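Remarks on the overall topology
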Amino acid sequence: MNSETVIDVERLNVSYDDFHAVKDLTFDVRRGELYALLGTNGAGKTSTLEVIEGHRASSSGKVSILGEDPRNRKAVRPRMGIMLQDSGFAADLSAMETLTLIGGLTGREDQPSRVLDVVGLTAKAETRVSALSGGEKRRLDFATAIYGSPELIFLDEPTTGLDVASRDDLWDVVDRLREDGATIVLTTHYLEEAQQRADRIGLMHEGTFRMQGTVSELTQTLPGTITFHLAENAPPLPLESSLSGNGTLLIETHGLQQDLHTLLSWAQETGTELRDLDAGPTRLDDVFRSITRH
Ligand SMILES: Nc1ncnc2c1ncn2[C@@H]1O[C@H](COP(=O)(O)OP(=O)(O)OP(=O)(O)O)[C@@H](O)[C@H]1O
């Protein structure tokens, strides 16, 4: 991966009157990567993004985007696309008119009809925004962000309100933009999307990063699990386990493959049945839950 820094945030603070929403946040996003800014409700993700996108002044700290101050809109705006949670389009403009208007404001060259086609809204080109479904409005939001294929794209909860097929379509478009070198900053509460796609993740809680790194760096902080049931007369297990109230045996492990191998070999040799056997690596959901417990 090209390690050129596209977003550089150093000791960013955002306060609302005496409420300190973002506290000394430091991170960078490199060219071509998909960086997921995740966190609990009220963690400060939107406040952080608003500063990076140039919509809000920070209380203190240094932020640079594409080598510029984010408030230098003339320099930065043509190079980035933003999909907000709610763009607030004019209700009586059609999808085509909306995209033509907003696309024109980006200063990037593109064909509105091409972009409507990419997001699957060609059949709705003449439909007024007020008559679009929730999912169709999301796709129009997405269309405004990718208009002119900008080098940096912010996707704020992009798949909220989209059905499974529409989500897949959106990610296919994002994948193609990434193949062409685009850098993506994503916020989402669908953790499996971040787990599948993010190169790196910043996990926020109460204004600070609780963890930062690749998916595997984050998930390695917690053990994987093996669960099963045993008959009462089963021989002693070869591994340390704990017993839950409903009789499920749980093995927590940082060496999932090795321990699973040990357990299956033992079951084979002793003729023991491991009923309801389930094994899985740590998921991002588990890491997410763990940060709220500290
Ligand atoms: N304009 C504002 N005035 C006062 N407090 C605000 C303002 N905007 C945000 N906050 C507070 O700052 C904190 C961070 O809010 P922010 O919207 O950045 O969080 P978030 O991580 O995006 O949350 P969510 O996942 O719920 O959208 C919250 O406690 C919120 O109530």
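Residues numbered from 1 in each chain as written. Predicted model: local features only at pLDDT ≥ 70, side-chain atom pairs only at ≥ 80, totals over all residues. Heavy atoms only, no water.

**Notes on empty space enclosed by the protein**
Using the following cut-off: Throughout, the protein atoms alone are placed on a 1 Å grid, and a set of points is a cavity if a 1.4 Å probe fits but cannot get out or a pocket if it is open with protein on both sides within 12 Å along at least five of seven lines; lining residues have an atom within 4 Å of a point. Grid points are joined across faces, edges and corners, and a volume is the space filled by probe spheres set on the points. Numbering goes from the N terminus for both helices and strands, where a helix is a DSSP run of H or I of at least four residues and a strand is a run of E of at least two.
Scanning all chains against the criterion turns up one cavity of 30 Å³ or more. Empty space within the largest cavity amounts to approximately 50 Å³. What lines the largest cavity is V118, V119, R139, F142, S166, D169, L170 and V173. Contributing elements (two or more residues each) for the lining of the largest cavity: helix 5 (134-146) and helix 6 (164-179). If you tally residues by element for the lining of the largest cavity, the top one is helix 6, at four residues.

**Looking at the site of the ligand**
Inclusion rule: Whether a residue is near a molecule or strand depends on its heavy atoms: it is near if one of them lies within 4 Å of it. For the purposes of these results, a polar contact is taken to be a pair of N or O atoms within 3.5 Å, where, inside protein, one atom must be able to donate a hydrogen and its partner to accept one; residues adjacent in sequence count only when each atom of the pair is a side-chain atom. Each accessible area is a Shrake-Rupley estimate made with a 1.4 Å probe; only the visible protein chains count as cover when residues are assessed.
Taken together, Y16, F19, A21, T40, N41, G42, A43, G44, K45, T46, S47 and H189 make up the full set of residues near the ligand. Within the backbone of G44, one N or O atom sits 2.9 Å away from an oxygen atom of the ligand. The contact in question runs from an oxygen atom of the ligand to an N or O atom on the side chain of H189, over 3.1 Å. In isolation the ligand exposes 650 Å². Once the protein is present, 61% of that is buried. Sort the elements by how many residues they give to the shell around the ligand and helix 1 (residues 45-52) lands first, with three residues.

**Brief notes about the packing of aromatic side chains**
Filter applied, for reference: Note on aromatic contacts: the rings of Phe and Tyr and the six-membered ring of Trp form a pair at centre separations within 6.5 Å, being stacked when their planes are under 30 degrees apart, edge-to-face when over 60 apart, and tilted otherwise. Relative accessibility decides the category of a residue: with a 1.4 Å probe and only protein chains considered, values under 20% of the type maximum give buried, values over 50% give exposed, and everything between is partly exposed. Two thresholds decide whether a charge sits over a ring: the Lys NZ or Arg CZ must be within 6 Å of the ring centre and within 35 degrees of the ring normal.
The tally for this structure, following the rule as stated, stands at two aromatic pairs. Ring geometry for F27 against Y35: centres 5.2 Å apart, planes inclined by 20 degrees, an arrangement best described as stacked. You'll find F27 and Y35 in the same group, each marked buried. When the ring of F27 is compared with that of F209, the centres are 5.5 Å apart and the planes differ by 85 degrees; the resulting orientation is edge-to-face. Highlighted residues: F27 in strand 2 (residues 19-30) and F209 in strand 9 (residues 208-213), separated in sequence by 182 residues. An aromatic cluster of three or more residues is present, and its members are F27, Y35 and F209. The ring of Y190 carries R167 above its face, with NZ or CZ at 4.1 Å from the centroid.

**Thoughts on the sheet that holds strand 12 (residues 249-253)**
Backbone hydrogen bonds are what pair the strands of a sheet, in a parallel or an antiparallel way. This is how it is decided: The rule for pairing is simple: two strands pair if DSSP sees at least two bridges between them. In this analysis, two residues are considered to be in contact whenever any of their non-hydrogen atoms come within 4.5 Å of each other. Axis geometry follows a simple rule: fit a line to the C-alpha atoms, using only the stretch in contact for helices, then measure angles between N-to-C directions, giving values from 0 to 180 degrees.
If you walk across this open sheet you meet the four strands as 11-12-10-13, and the pairing is antiparallel. Each end of this open sheet is capped by a strand with a single partner; those strands are strand 11 (242-243) and strand 13 (275-280). Note that strand 10 (residues 224-229) and strand 12 share five bridges and pair antiparallel. Paired with T225 across the bridge in strand 12 is E252. Sitting on the sheet, helix 9 (residues 256-270) is in contact with strand 10, strand 12 and strand 13, with an inclination near 20 degrees to strand 10.

**Quick word on the layout of surface pockets**
The criterion, for reference: When residue character is reported, Ala, Val, Leu, Ile, Met, Phe, Trp, Tyr, Cys and Pro are called nonpolar, Asp, Glu, Lys and Arg charged, and the others, Gly included, polar.
When its volume is computed, the largest pocket comes out at roughly 320 Å³. Lining the largest pocket are 15 residues, with R77, I82, L84, I102 and T144 sitting closest to its centre. Of all the secondary-structure elements, those providing two or more residues to the lining of the largest pocket are strand 5 (80-83), helix 3 (95-106) and helix 5. Grouping the constituent residues of the lining of the largest pocket by class yields seven nonpolar, five polar and three charged.

**Regarding the nonpolar core**
Considering soluble globular proteins, one finds that nonpolar side chains tend to be buried as a cluster. What counts here: What makes a nonpolar core is a set of buried Ala, Val, Leu, Ile, Met, Phe, Trp, Tyr and Cys residues whose side-chain atoms join them at distances within 4.5 Å. Domain extents, as shown, originate in an automatic or database domain assignment.
Within the largest apolar cluster, 43 residues are counted, with the highest numbers of intra-cluster contacts made by L140, F142 and I201. Residue assignment places this core across two domains, with domain 1 (5-219) and domain 2 (224-293) each supplying three or more. Not counting chain neighbours up to four residues away, the residues in contact with F142 comprise M83, V119, L155, L170, V173 and V174. Counting residues in each nonpolar core, the second largest holds 27 residues, with A21, L25, F154 and M204 among its members.

**With respect to the sheet that holds strand 5**
On the basis of which strands lie adjacent, the open sheet formed by six strands has the order 5-6-7-3-8-9 and mixed pairing. Of all the strands in the sheet, the pair left with one neighbour each is strand 5 and strand 9. Across the sheet, the mean angle from the axis of one strand to that of its neighbour is 15 degrees, orientation sign disregarded. Contacts from helix 5 reach strand 5 and strand 6 (152-156), with the element oriented near 170 degrees to strand 5. Each of strand 3 (34-39), strand 6 and strand 7 (183-187) touches helix 6; the most contacted strand, strand 7, lies at about 145 degrees to it.

Treat this as a map of the structure, not an account of what it does.
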